[in-house]
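# Commentary on secondary and tertiary structure
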Amino acid sequence: MTAEVISGTELARTIREEIRGQVSEFEAAHGSVPGLATVLVGEDPASQAYVGMKNRAAQEAGIHSRQITFPAETSEAELLGCVEGLNADPGIHGILVQLPLPEQVREEVVLEAVAPHKDVDGFHPVNVGRLQAGVPGVLPPCTPKGIVEILLRSGHDPEGKHAVIIGRSNIVGRPMASLLLQKGRGGNATVTVAHSRTRDLAEVARQGEILIVAIGRPHFVTASMVRPGAVVVDVGVNRVDDPNSERGYRLVGDVAFDEVREVAGAITPVPGGVGPMTIAMLLSNTLQAAKASLEGHG
Ligand code: GUN
């Protein structure tokens, strides 16, 4: 069998169009548009590129976007001052502080300073706890939220299925497990979280009707680790040397795509899979936060 390749790029395009329509409706009803602030500290090229993409996507969807850039030597106090200002700004409904932060700044202190109702990354401990507790209306982290959309929109509803997640990070693995366990649409799965210390990892992985891989190792999942017909979602973005590429490297996922596509029923590519969906979900969370703010939750 050769797997169906699920295009996250295509799905994200559709979702971004839908969000554009919803932003227009929001503006017609309320006379203002949702606002997103991104905060970038330092000059890491990958972070600059990500933040640039997020702002462009917001603008294309009709969302007001404001990028605040700080030099790498910025103090924690200065950053906290910025976050406080954004928390108090009624035109800003979503705040995203791009990670990683420089070492003089404690990441957890800054993330906890963001008002939970403006935390469109879903990284604030209050939102982490609410997601875990299944509180409705919580802002979930963008990558796992995007993966649920991939599954639903490609016709692979997780309900009743065994989903195996490889990776236990706070950004992907753990919130992914919470979302798939939720009661309701996009949830109701049986969930196993495996990781680098899992014994017989290949055997555990092979049980997954849905296999979500976020372990950060290039081509880690090979064909023998995949149940025939499984839906494989590759969250990895790894740089590997490639002298034939202009940049000297190329991006590959955590899944050995060429061999796994011969076993899987469906698979997301890298690039063009989960990545574009993450950005679409940031817009979705910003719109969700703006709507909630009108209902008095903000
Ligand atoms: N750095 C890498 N991924 C992310 C993300 O999803 N959100 C933020 N804020 N920073 C990141």
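Above: the structure in question.
Here goes a summary of the coordinates provided. Since the structure is predicted, the reported quantities are computational estimates derived from the model, not experimental observations.

The rules we used
- By convention here, each chain's residues receive numbers from 1 onward along its written sequence.
- Only residues with pLDDT of at least 70 are given local features in this predicted model, and only at 80 or more are side-chain atom pairs given and counted; all residues enter the totals for whole chains, interfaces and linings.
- Hydrogens are left out, water is left out, and the side-chain values use all remaining heavy atoms of the structure.
- Numbering of helices and strands runs from the N terminus; a helix is a DSSP stretch of H or I covering at least four residues, while a strand is a stretch of E covering at least two.
- Only protein chains enter the accessibility calculation, which uses a 1.4 Å probe; a residue is then buried when its area is under 20% of its type maximum, exposed when over 50%, and partly exposed in between.
- Patch membership needs two things, relative accessible area over 30% and no salt bridge, and members are linked within 9 Å if like-charged or within 5 Å if nonpolar (Val, Leu, Ile, Met, Phe, Trp, Tyr).
- For the area figures, the Shrake-Rupley method with a 1.4 Å probe applies, and any residue is considered shielded solely by the protein chains shown.
- Salt bridges are defined as contacts in which a side-chain nitrogen from Lys or Arg sits within 4 Å of a carboxyl oxygen from Asp or Glu.
- Note on terminology: near, applied to a residue and a molecule or strand, indicates that one of the residue's heavy atoms is within 4 Å of it.
- In protein, a polar contact requires one atom able to donate a hydrogen and another able to accept it; more generally it is a pair of N or O atoms within 3.5 Å, and residues adjacent in sequence count only if both atoms are side-chain atoms.
- Any residue outside Ala, Val, Leu, Ile, Met, Phe, Trp, Tyr, Cys, Pro, Asp, Glu, Lys and Arg is labelled polar, Gly included; the first ten of those are nonpolar and the last four are charged.
- For our purposes a nonpolar core is just a set of buried Ala, Val, Leu, Ile, Met, Phe, Trp, Tyr and Cys residues, chained together by side-chain atoms within 4.5 Å.
- Contacts between residues were defined by any pair of non-hydrogen atoms, one from each residue, lying within 4.5 Å.
- Helix span, expected: 1.5 Å multiplied by one less than the number of residues in the helix.
- Think of the arc as the fan of directions from the helix axis to the C-beta atoms.
- Paired rings are identified among Phe, Tyr and Trp, the last through its six-membered ring, by centres lying within 6.5 Å, and are further divided according to the angle between planes into stacked (under 30 degrees), edge-to-face (over 60) and tilted (the rest).
- Consider the ring centre and the ring normal. A charge sits over the ring if Lys NZ or Arg CZ is within 6 Å of that centre and within 35 degrees of that normal.
- Pairing between strands is defined by DSSP: at least two bridges between them are needed.

Let us look at unusual backbone geometry. In this chain, leucine 99 is followed by proline 100 through a cis amide linkage whose omega measures 0°. You can see proline 100 is positioned in the loop between strand E4 (94-97) and helix H4 (107-113). Here valine 270 and proline 271 are connected by a cis peptide whose omega angle stands at -5°. Considering the arrangement of structural elements, one finds proline 271 in the loop between strand E11 (266-267) and helix H10 (274-294). Of note in this structure, aspartate 200 is not a glycine but carries a positive phi near 50°. Checked against the element boundaries, aspartate 200 lands in the loop between strand E6 (190-194) and helix H8 (201-205). On the basis of relative accessibility, which here comes to 49%, the residue aspartate 200 falls in the partly exposed class. Phi angles above zero are rare outside glycine, and histidine 219 is one such case at about 55°.

This next bit is on a nonpolar patch on the surface. Residues Tyr50, Met53, Val237 and Leu251 make up a contiguous nonpolar surface patch of about 330 Å² in total accessible area. In this structure, methionine 53 sits in helix H2 (residues 45-60). When its relative accessible area of 34% is taken as the criterion, methionine 53 is described as partly exposed.

On to the site of the ligand. Taken together, Lys54, Leu96, Val97, Gln98, Leu99, Asp121 and Phe123 make up the full set of residues near the ligand. Between the ligand and valine 97, the relevant distance is 2.8 Å, taken from a nitrogen atom to a main-chain nitrogen or oxygen of the residue. Contact with the protein chains hides 79% of the accessible area of the ligand, taken as 280 Å² for the molecule alone. Along the lines of polarity and charge, the residues of the shell around the ligand split into four nonpolar, one polar and two charged.

What follows covers the nonpolar core. One finds Ile147, Leu180 and Ile212 to be the most contacted residues of the largest nonpolar core, which totals 48 residues. Listing elements by their share of this core, those giving two or more residues are helix H1 (8-30), H2, helix H6 (142-153), strand E5 (162-166), helix H7 (173-181), strand E7 (210-213), strand E8 (231-234) and H10. With sequence-adjacent residues up to four places away left out, isoleucine 147 is seen in contact with Met176, Ile212, Val233, Val235 and Val274. Core analysis: the second largest hydrophobic core is formed by 21 residues, Ala194, Val213, Val226 and Val255 among them.

An α-helix turns once every 3.6 residues. As a result, residues three or four positions apart point the same way. The end-to-end C-alpha distance of helix H3 (residues 76-88), which contains 13 residues, comes to 18 Å, matching closely the 18 Å that a straight helix rising 1.5 Å per residue would cover. Those residues of H3 that fall on the buried side of the exposure criterion are Glu76, Leu79, Cys82, Val83, Leu86 and Asn87. The buried residues of H3 occupy an angular sector of 140° when the element is viewed end-on, so they sit on one face. More than 90 degrees from the buried face of H3, the exposed residues found are Ala77 and Ala88. Packed against the buried residues of H3 are strand E2 (35-41), strand E3 (64-70), E4 and H4.

One pass over the full model with this rule turns up zero aromatic pairs. Sitting above the plane of the tyrosine 249 ring, arginine 239 keeps its charged end 4.1 Å from the centroid.

Note that E2 and E3 share seven bridges and pair parallel. Along E3, the bridge assignment pairs glycine 35 with histidine 64.

Attention now moves to the pattern of salt bridges. All chains considered together, the criterion is met by eight salt bridges. When the shortest N-O distance is used, the salt bridge between glutamate 10 and arginine 13 registers 2.8 Å. With a gap of three residues between them, glutamate 10 and arginine 13 both fall in helix H1, about one helical turn apart. Residue class for glutamate 10 comes out partly exposed when judged on its relative accessible area of 44%. Three or more residues joined by partner-sharing salt bridges are found here, namely Glu18, Glu149 and Arg153.

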